[in-house]
Every structure is written in C-alpha cells, then in structure tokens.
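Here is what each chain is made of, one letter per residue.
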Amino acid sequence: MEEFPIKDFFTNENRDKYLNDGYFVVDNIIDELICDKINSYVQSNKDNNVDQTKEIDRDYPFSDIPGTKVFINTIDESSKDNPFNLIDYEKITKMASFLSNKPMKFWLKKVYLKSAFQGDNEVYHQDYEYHISKGGNTDPFYDYIQCFIALEDHSIQGGCLNIIKGSHKSKRIPHDMVMTRNGISKLTVKPDILKQLSKGNNFKPMELKKGSCVFFSYVTLHGSSSNSSPLDQTRMVIQFMNKDKSHDEDKTQEFFSNRKLKEIKILELMLNHLKQE
C-alpha cells in the first residue's frame, strides 16, 4: 500500500482535540465498497467463526433464536479472498499513534453485528476496567486507543455508539457488575455518575456514515442502546496498545478464569431463584 503521510491528514490541533475530548471522528477511513464486501463476507462466514483470543464474549445462550451471532473474530486473515485484507491497517495504526502521541501496535480486532431488531445494548463503561488486571504496567489513557468503524450507516434508532465527551478526565471510575441477556458479565458505571458527566452537552451520539470511524481512549465512557430499527448496524473495533507494553500472560489467564467464576456464580443464583418460584 502507498506510504501514508500522517502530517498531510492530521494536525496538532486534531491531536489536541482528541486529548481534550477523549475521542476524535475521522470520515471515510474505509471505502464504502470495501465495507460492503466485509459485510457480505461476515454474513456468509459468521457461523464458522472461531474465537482465537478468548477476548470475544459468547452469543445468546438464553435465546431460542438460531444463528444469532454477536461477535465475529477477524484475526485469521490468511485467505487472499478475505476482504479484511483490503483495510489499510498501517494507515490506521499511524493515526492511532499520532492521536495518542505514543507508538501503537494492533492487538485485537472484532466485528459486532448489532442485527436489526435484536442487536443488544452495550452498558456504559470504560474499556480499561477489563484490562487493568492483565498486568503490563499500562497507563489507562496514553497506552491504549481504539478505532470504532461503522461498516454501515449508524443511527440513534439503530443503537449507534454514544460517547460522553471529556469523561476520560475523570480517569478510572468505579464499575459494578451486571449480567446481560447474552449470559455474560459486564462492568458498568452507576447512572447518577453518568448523568453528572453527561451534563453540558457532553452526551455525543456517534451517527457515523459507512466507512467512517471514531478513535477514543480506554477511559472514555461509552455505550449504546439496542437496535430497534429494521437495518443492521454492523461495526468493527480495532484496539491498539503502546508497542512497548504488553499484558502479562499469567495475569490475563487469571482474569479470564475469575470472570468465568463470577459468571457461574451469578447464573447459579439466577437458577436457584427460578427453582424456588
């Protein structure tokens, strides 16, 4: 691919805006035709998806609806026919590095299907809360950044991403655990804190056009409502980490094990409650 001149695209003012707001929107980061190819590929291959990372949450175990997928792993791209190979990851990595003012490396990407009429909501949270226990001596703001790409036009009715502007300045915020209809544990922030931080026009719906994206930090609060529209709202997330940092493998495995134990405990409590009724 062609050399990407970052200074011809971003300015120091763009970086300052990211550092101040906790997010930055970029239009047309992927061509719409590439988005169409990716969407078609995902729909054709979603039932063959295999999680190679343990970073992907499970699909609806509480649902009788067959073939309902939530997350698609896109790590394995060895096939020349895989349209994910058409994405200029080097360009996106340079953008991420420029905005965060740190050299970044890609470490995970995945696709959220958010299907028409059934795509679930995402509770409001800071991503860093899911990674702090994995070790690596990472800074929650400067050592992580992610790129959220709309593979289709996103709308409020369809459950677009919502960001709370400036929330990263609060640094780490206490989270509570909840269980979703997907049968998985999620971490979320109390509503009164969200309401306080959303004041002053800080609640920002990301009604992105197909192929556009938003970069945001791991301590920027974000979430979304469910998809109540007749249109899919597929999105792709590429996560970056300071290339000089890495998670500790033993602590990462311990994190996954502890999360699974907590999920089992909550599900057992739910089952016992149902048996008592």
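Residues numbered from 1 in each chain as written. Predicted model: local features only at pLDDT ≥ 70, side-chain atom pairs only at ≥ 80, totals over all residues. Heavy atoms only, no water.

Novice: Even after reading the chapter, I still don't get the sheet that holds strand 4 (residues 122–125), so can you show me in this structure?
Specialist: Either a parallel or an antiparallel arrangement is found when strands of a sheet pair, and the pairing is made through backbone hydrogen bonds. In spatial order, the strands read 4-11-6-9; together these four strands make up an open sheet with antiparallel pairing. Taken across any chain shown, the strands that pair with only one partner, and hence form the sheet edges, are strand 4 and strand 9 (203–205). When the angles between neighbouring strand axes are averaged without regard to direction, this sheet yields 25 degrees. Where strand 6 (residues 162–164) meets strand 9, three bridges bridge the pair, whose relative direction is antiparallel. Directly across from Asn162, in strand 9, lies its bridge partner Pro205. (Pairing = 2+ DSSP bridges. Helix = DSSP H or I, 4+ residues; strand = E, 2+ residues; numbered from the N terminus. Axes fitted to C-alpha atoms, helices over the stretch in contact; angles between N-to-C directions.)

Novice: What's the story with a negative patch on the surface in this structure? I'm lost.
Specialist: There is a patch of like negative charges on the surface, built from Asp248, Glu249, Asp250 and Glu254. For Glu254, a relative accessible area of 49% translates into the label partly exposed. (Patch = residues over 30% accessible without salt bridge, like charges linked within 9 Å, V, L, I, M, F, W, Y side chains within 5 Å. Areas by Shrake-Rupley, 256 points an atom, 1.4 Å probe, with all protein chains shown as cover. Salt bridge = Lys/Arg side-chain N within 4 Å of Asp/Glu carboxyl O. Lys, Arg positive; Asp, Glu negative; His and termini not counted. Charge placed at Lys NZ, Arg CZ, Asp CG, Glu CD. Buried < 20%, exposed > 50% of the residue type's maximum accessible area, 1.4 Å probe, protein only.)

Novice: Which parts of the structure should I look at to understand the nonpolar core?
Specialist: If you look at soluble globular proteins, the nonpolar side chains tend to sit buried side by side. Core analysis: the largest hydrophobic core is formed by 37 residues, its most contacted members being Ile29, Ile92, Cys147, Ile149 and Phe215. Taken together, the elements giving at least two residues each to this core come down to strand 1 (23–26), helix 2 (32–45), helix 3 (89–100), strand 3 (104–112), strand 5 (144–150), strand 10 (213–216) and strand 12 (235–242). Of the residues forming this core, the biggest block, five residues, is contributed by helix 3. With near-sequence residues (within four places) excluded, Ile92 lies in contact with Ile29, Ile87, Cys147, Ile149, Phe215, Ile238 and Phe240. (Core = buried A, V, L, I, M, F, W, Y, C linked by side-chain atoms within 4.5 Å. Contact = heavy atoms within 4.5 Å.)

Novice: Is there a simple way to think about the pattern of salt bridges in this case?
Specialist: The final tally for this structure, using the stated rule, is nine salt bridges. A salt bridge links Arg172 to Glu129, with the nearest nitrogen and oxygen atoms 2.8 Å apart. One end of the pair, Arg172, is in the loop between strand 6 and strand 7 (176–179); the other, Glu129, is in the loop between strand 4 and strand 5, and 43 residues separate them in sequence. The class for Arg172 is partly exposed, based on a relative accessible area of 42%. The exposure class assigned to Glu129 is buried, which follows from its relative accessible area of 15%. Linking Asp143 and Lys245 is a salt bridge whose minimum nitrogen-to-oxygen distance equals 2.8 Å. With Asp143 in the loop between strand 4 and strand 5 and Lys245 in the loop between strand 12 and helix 5 (249–276), this pair connects stretches of sequence that are 102 residues apart. We classify Lys245 as partly exposed; its relative accessible area is 22%. One network of salt bridges, in which partners are shared, links Lys102, Asp143 and Lys245.

Novice: Could you clarify how one ought to interpret the packing of aromatic side chains in this entry?
Specialist: The geometry of an aromatic ring pair comes down to the distance between the two centres and the angle between the two planes. The full count for this structure, using the stated rule, is nine aromatic pairs. Between Phe10 and Phe98, the aromatic rings sit 5.9 Å apart at their centres with planes inclined by 35 degrees, giving tilted as the arrangement. Separated by 88 residues along the polypeptide, Phe10 in the segment before helix 1 (12–21) and Phe98 in helix 3 bring together distant segments of the chain. Owing to a relative accessible area of 3%, Phe10 belongs among the buried residues under this scheme. With a centroid separation of 4.4 Å and 10 degrees between ring planes, the pair formed by Tyr144 and Tyr218 is classed as stacked. Linking Tyr144 in strand 5 with Tyr218 in the loop between strand 10 and strand 11 (222–224), this pair joins segments that are 74 residues apart in sequence. (Phe/Tyr/Trp six-rings, centres within 6.5 Å; stacked < 30°, edge-to-face > 60°.)

Novice: How do you make sense of the environment of Leu194 when you look at a structure like this?
Specialist: Following the sequence through the fold, Leu194 ends up in helix 4 (residues 191–198). The sequence separation of Leu194 and Leu221 amounts to 27 residues, and the corresponding C-alpha distance is 8.5 Å. Among all residues touching Leu194, those that are not within four sequence positions of it are Tyr124, Ile164, Val189 and Leu221.

Novice: How do you make sense of unusual backbone geometry when you look at a structure like this?
Specialist: Trans is the prevailing form of peptide bonds, just as negative phi is the prevailing case for residues other than glycine. Unusually for a residue other than glycine, Phe117 sits at a positive phi of about 70 degrees. Tracing the backbone through its elements, the reader meets Phe117 in the loop between strand 3 and strand 4. Non-glycine residue Asn201 carries a positive phi angle of around 65 degrees. Secondary-structure assignment places Asn201 in the loop between helix 4 and strand 9. Using a relative accessible area of 57% as the deciding quantity, one classes Asn201 as exposed.

Novice: How should I be thinking about helix 3 in this particular structure?
Specialist: Because an α-helix packs 3.6 residues into every turn, residues spaced three or four apart end up facing the same way. A rise of 1.5 Å per residue sets the reference length of helix 3, with its 12 residues, at 16 Å; its end C-alpha atoms lie 16 Å apart and thus fit the reference within 8%. In terms of burial, helix 3 is a largely internal element, nine of the 12 residues being buried. Taken together, the buried positions of helix 3 are Lys91, Ile92, Thr93, Met95, Ala96, Ser97, Phe98, Leu99 and Ser100. As for helix 3, its buried residues are in contact with helix 1, strand 1, strand 3, strand 5, strand 10 and strand 12. Two residues or fewer after helix 3 comes Asn101, characterised by a positive phi angle close to 60 degrees. (Expected span 1.5 Å × (residues − 1).)

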